[in-house]
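Observations on chain architecture
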Amino acid sequence: MNILVTGGAGYIGSHLVRVLASAGHACVVYDNLCSGHAAAIRGTQLVEGDINNHEALAAALRGHNVEAVIHLAALIEAAESVENPGRYFRNNSLGGLTLLEAMRSAGVAKLVFSSTAAVYGQPERIPICEEDRTDPINPYGASKRCVEYMLEAFARAYGAGFVSLRYFNVAGAAPEGDIGEDHRPETHLIPLVLQVPLGRRGSVKIFGEDYDTPDGTCIRDYIHVMDLAAAHVLALEAIEPGQLKVFNLGNGQGFSVREVIEACREVTGHEIPAESAPRRRGDPPKLVASCQKAETELGWRRQFADLQTIVAHAWNWHKSHPNGFA
């Protein structure tokens, strides 16, 4: 299948492109490279363009005979979205609408959407199931939920088929260690912790130690990026006309900030000092996925569920590429 991957030069996108190619799909990446890296997708055709450019999107869809789209292009920082909500709704929500309209004009009716656990906000129960209430507590989550509403409407109105994958915390790197996470600035926990043994920072900050959790720090569900990528291949096969299907993608178990730091100490063999810092706005205390639906309906299975393995693969990447793709 010919697939357009928006945001395909980013962290998740570059791993996804590799998995799609291994599954026999032909990929074209559409990315403005504001946070992605062309070096991460060497050998894959890259179209540089913005997600809010209808004409460029439609031309890419038609010019490459695209049969399905995987839409990853988005801004992803919850804390930043609280400070600058307009930027997130403009890029994520309006960009999603622009893409859907470009797909309509190009006759493409299949899409897998990169959504987020942030659509749930403060969960009513743990683990979180797909049918649970969605009530985002930050504009990032709201901007993604907005696109899901659009997908529902476009499926009903035009008979298009969509799958929305609600990611929990994505981590790790390709086991080969040649591609991995490279955000600038970096805000994700595991790469931030690993910057300490790399000598790039003296300590790591723990944002909030008074949450209602066993050790007082936030608990998150960390899914290996390669397991996440594999789910997209299965999602493509599950698309049905006129339907929006929604699946959680996570590890199914939660790890606290302190547990992640300790895993990084064990994997790297380095002492990693940690300092207390105030809570960040928009951070729920605990997010853990129920992935039973993806396992049952997609046949999805995780290969790298162990936290130490996730950290070890990330460490292989960071220690061999301390400056990322630079």
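Above this note sits the structure.
Residues numbered from 1 in each chain as written. Predicted model: local features only at pLDDT ≥ 70, side-chain atom pairs only at ≥ 80, totals over all residues. Heavy atoms only, no water.

1. Brief notes about the overall build of the protein chain
Heads up, the rule is: Helix and strand assignments come from DSSP, with helices taken as H or I runs of at least 4 residues and strands as E runs of at least 2, each series counted from the N terminus. Only C-alpha atoms enter the radius of gyration; for comparison, a globular chain is expected to reach 2.2 Å times N to the power 0.38, where N is the number of residues. Partly exposed residues are those whose accessible area sits between 20% and 50% of the maximum for their type, while under 20% is buried and over 50% is exposed, using a 1.4 Å probe and protein chains only. Only heavy atoms enter the contact rule, under which two residues are in contact if any of them lie within 4.5 Å. Accessibility throughout is a Shrake-Rupley quantity obtained with a 1.4 Å probe, and a residue counts as covered only by protein chains that appear here. All tallies of charge rest on Lys and Arg as positive and Asp and Glu as negative; His and the ends of each chain are not included. In plain terms, the charge of a residue is placed at NZ if it is Lys, CZ if Arg, CG if Asp and CD if Glu.
Helix and strand counts for the protein chain come out as 10 helices and 13 strands. For 326 residues, the compact-globule estimate of 2.2 N^0.38 gives 20 Å, and the protein chain sits close to it at 19 Å. Taken over the C-alpha atoms alone, the protein chain extends approximately 55 × 40 × 40 Å along its principal axes. The buried share of the protein chain, reckoned over its 326 residues, is 54%. Here the analysis covers contacts within the protein chain between residues at least 6 apart in sequence; of these, 79% occur between residues at least 24 apart. As displayed, the protein chain has an accessible area near 13,400 Å², and 47% of this comes from carbon and sulfur atoms. Computing the positive centroid from 29 side-chain charges and the negative centroid from 38, the protein chain places the two 3 Å apart.

2. Concerning the side chain of Asn92
Put simply, the test is: In protein, a polar contact means a hydrogen-donor-capable atom and an acceptor-capable atom, both N or O and within 3.5 Å, with residues adjacent in sequence counting only if both atoms are side-chain atoms; elsewhere, any N or O pair within 3.5 Å suffices.
Relative to the helices and strands, Asn92 is located in helix H4 (residues 85-106). Side-chain polar atoms of Asn92 contact the backbone nitrogen of Leu75, separated by 2.9 Å. Engagement of the side chain of Asn92 in a polar contact is seen with the side chain of Asn91, the distance being 2.9 Å. Discounting residues that sit within four places of it in the chain, Asn92 has contacts with Ala74, Leu75, Tyr140, Ser143 and Val147.

3. Overview of the pairing of strand E1 (residues 2-6)
Put simply, the rule is: Pairing between two strands requires that DSSP report at least two bridges joining them. The definition of a right-handed crossover adopted here requires that, viewed with the strands pointing away, the path from the first strand over the helix to the second runs clockwise.
For E1, a buried count of four out of five residues is recorded, marking the element as mostly surrounded by other parts of the structure. Here E1 runs beside strand E2 (residues 26-31); their pairing, made up of five bridges, is parallel. Its bridge partner lying in E2, Ile3 is registered against Cys27. Traced from E1 through helix H1 (residues 11-22) to E2, the parallel crossover comes out right-handed. The pairing of E1 with strand E4 (residues 68-71) spans four bridges and is parallel. Bridge pairing links Val5 to Ile70 in E4.

4. A closer look at the packing of aromatic side chains
Definition in use: Between the rings of Phe, Tyr and Trp (Trp by its six-membered ring), a pair exists once the centres lie within 6.5 Å; its type follows the angle of the planes, with under 30 degrees stacked, over 60 edge-to-face, and the other angles tilted.
In total, this model carries two aromatic pairs according to the counting rule given. Residues Phe154 and Tyr158 carry aromatic rings whose centres are separated by 5.3 Å and whose planes lie at 65 degrees to one another, so their mutual orientation is edge-to-face. On the criterion of helical spacing, the pair formed by Phe154 and Tyr158 is a turn pair, its members being four residues apart in helix H5 (residues 139-158). For Tyr158, a relative accessible area of 44% puts it in the partly exposed group.

5. Let's talk about the layout of surface pockets
Selection rule: Think of a 1 Å grid over the protein atoms and nothing else: a 1.4 Å probe that fits but is trapped marks a cavity, an open set flanked by protein within 12 Å on at least five of seven lines marks a pocket, and residues with an atom within 4 Å of a point count as lining. Grid points are joined across faces, edges and corners, and a volume is the space filled by probe spheres set on the points. Under the convention adopted here, Pro, Cys and the residues Ala, Val, Leu, Ile, Met, Phe, Trp and Tyr are nonpolar, Asp, Glu, Lys and Arg are charged, and Gly plus all remaining residues are polar.
Considering only enclosed or pocket space, the second largest pocket measures out at about 190 Å³ in volume. Along the walls of the second largest pocket sit 14 residues, with Asp182, Gln195, Arg200, Pro322 and Gly324 positioned nearest its centre. Across the lining of the second largest pocket, the residue classes break down as three nonpolar, six polar and five charged.

6. Side note on empty space enclosed by the protein
Counted under the stated rule, the structure contains one cavity of 30 Å³ or more. Roughly 40 Å³ of volume is contained in the largest cavity. What lines the largest cavity is Ala9, Gly10, Tyr11, Ser35, Gly36, His37, Ala40, Gly180, Asp182, His183 and Phe325. Residues of the lining of the largest cavity, tallied by class, amount to four nonpolar, six polar and one charged.

7. Comments concerning the sheet that holds E1
Stated precisely, the cut-off is as follows: For helices, the fitted line uses only the C-alpha atoms of the stretch in contact; every axis is such a line through C-alpha atoms, and the angle between N-to-C directions lies from 0 to 180 degrees.
With parallel pairing, seven strands are arranged side by side in an open sheet as E3-E2-E1-E4-E5-E6-E11. Unpaired on one side and paired on the other, strand E3 (45-48) and strand E11 (244-249) mark the two borders of the sheet. Direction aside, the axes of adjacent strands within the sheet are offset by 20 degrees on average. Here E4 runs beside strand E5 (residues 110-116); their pairing, made up of three bridges, is parallel. Residue pairing across strands places Ile70 opposite Val112, the latter belonging to E5. Along the sheet, H4 contacts E1, E4, E5 and strand E6 (161-167); its crossing angle with E4, the most-contacted strand, is approximately 175 degrees.

8. What about the state of the cysteines?
Put simply, the rule is: Put simply, a disulfide is two cysteine sulfurs that come within 2.5 Å.
One pass over the structure, following the stated rule, counts zero disulfides. Looking at the unpaired Cys146, the closest cysteine sulfur is the one in Cys34, lying at 20 Å. Take Cys218: it sits in no disulfide, and the sulfur closest to it among the cysteines is that of Cys264, at 16 Å. Under the relative-accessibility criterion, Cys218 is labelled buried at 7%.

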